[in-house]
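# Summary of structural features
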Amino acid sequence: MAGLSAACFVSATLFAAPAVHAQASIGPETRLPLPRYVSLKTDKVNMREGPSTDHGTRWVYQRAGLPVEIIAEFENWRRIRDPEGEDGWVWHSLLSGRRTAIVAPWDRDVERVVDLLEQPEPASRVLARIQPGVVAGISDCDGEWCRLAVVAEPRHEIIGFLRQEELWGVYPNEMLD
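Position numbers for residues count from 1 along each chain, tracking the sequence in the order it is written. Where local features are concerned, this predicted model is filtered to residues with pLDDT of at least 70; where side-chain atom pairs are given and counted, the filter is 80 or more; whole-chain, interface and lining totals use all residues. Excluding hydrogens and water, the side-chain figures rest on all heavy atoms present in the structure.

In this section: the pattern of salt bridges. Salt bridges, as used here, are contacts in which a Lys or Arg side-chain nitrogen is within 4 Å of a carboxyl oxygen on Asp or Glu. All chains considered together, the criterion is met by 10 salt bridges. Where glutamate 174 meets arginine 99, a salt bridge forms, and the shortest distance between an N and an O atom there is 3.0 Å. Of this pair, glutamate 174 sits in the loop between β16 (167-168) and β17 (175-176) while arginine 99 sits in the loop between β9 (95-96) and β10 (100-103), placing them 75 residues apart in sequence. Like arginine 99, glutamate 174 is buried. For the salt bridge of arginine 163 with glutamate 144, the shortest nitrogen-to-oxygen distance reads 2.6 Å. One end of the pair, arginine 163, is in strand β15 (residues 156-163); the other, glutamate 144, is in the loop between β13 (135-142) and β14 (145-153), and 19 residues separate them in sequence. It is possible to trace a salt-bridge network through shared partners that takes in Asp107, Arg112 and Glu166. Numbering of helices and strands runs from the N terminus, with a helix taken as a DSSP run of H or I at least four residues long and a strand as a DSSP run of E at least two residues long. Throughout, exposure labels follow a simple rule: accessible area from a 1.4 Å probe, protein chains only, divided by the maximum for the residue type, with under 20% read as buried, over 50% as exposed, and the rest as partly exposed.

A general feature of soluble globular proteins is that nonpolar side chains tend to end up buried together. Within the largest apolar cluster, 20 residues are counted, with the highest numbers of intra-cluster contacts made by Val103, Leu116, Ile130, Ile138, Leu148, Leu167 and Val170. Secondary structure elements with two or more residues in this core: β10, β11 (114-117), β12 (126-130), β13, β14 and β15. Other than its neighbours up to four places away in sequence, leucine 167 contacts Ala101, Ile102, Val103, Trp106, Cys146, Leu148 and Leu162. Listed in part, the 15 residues of the second largest apolar core include Val38, Trp59, Leu95 and Ile102. Definition used in this section: a nonpolar core is a set of buried Ala, Val, Leu, Ile, Met, Phe, Trp, Tyr and Cys residues joined via side-chain atoms within 4.5 Å. Two residues form a contact once any of their heavy atoms are found within 4.5 Å.

Once that is clear, we can look at the environment of glycine 27. Mapped onto the secondary structure, glycine 27 falls in the loop between β1 (25-26) and β2 (33-34). With 44 residues separating them in the primary sequence, glycine 27 and isoleucine 71 have C-alpha atoms 8.8 Å apart. When neighbours within four sequence positions are excluded, glycine 27 is seen to be in contact with Leu32, Leu34 and Glu73.

Quick look at the structure:
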């Protein structure tokens, strides 16, 4: 389990600090809150410079499940921000409401691991030691801890808890069911 590692998902190398949950507004197209986290639905998603296929491609993401933050809406296009702070436009159907997070992406280049715990308590048993940059599915968060599913090997998941402050893809104090 100590060998868990993240797949490479974009070519840039610098990660932004965790997003600060700004004053929420309502998206004009979906009537859902802005900003909000979602994930990429497929293994190939083009991020464009503007909200149409006439605009050039800035990035090609190759990682289904990567969390991104929707920061604006225009018709069927969503302006997203990725974990590295890059932003651009993506066609709405390439995004999923499934919540995922990246473990401590700001520490990806540091020799460090994060303990996935059996219970949401600092003294709980360690289930796995996770490297920064690993993408995990989120099932719920209580404002301080999130319950995550981390793929340890093909067709095997480890379910455990991690503090929200160690994740990019969930806002501080956000509660999810």
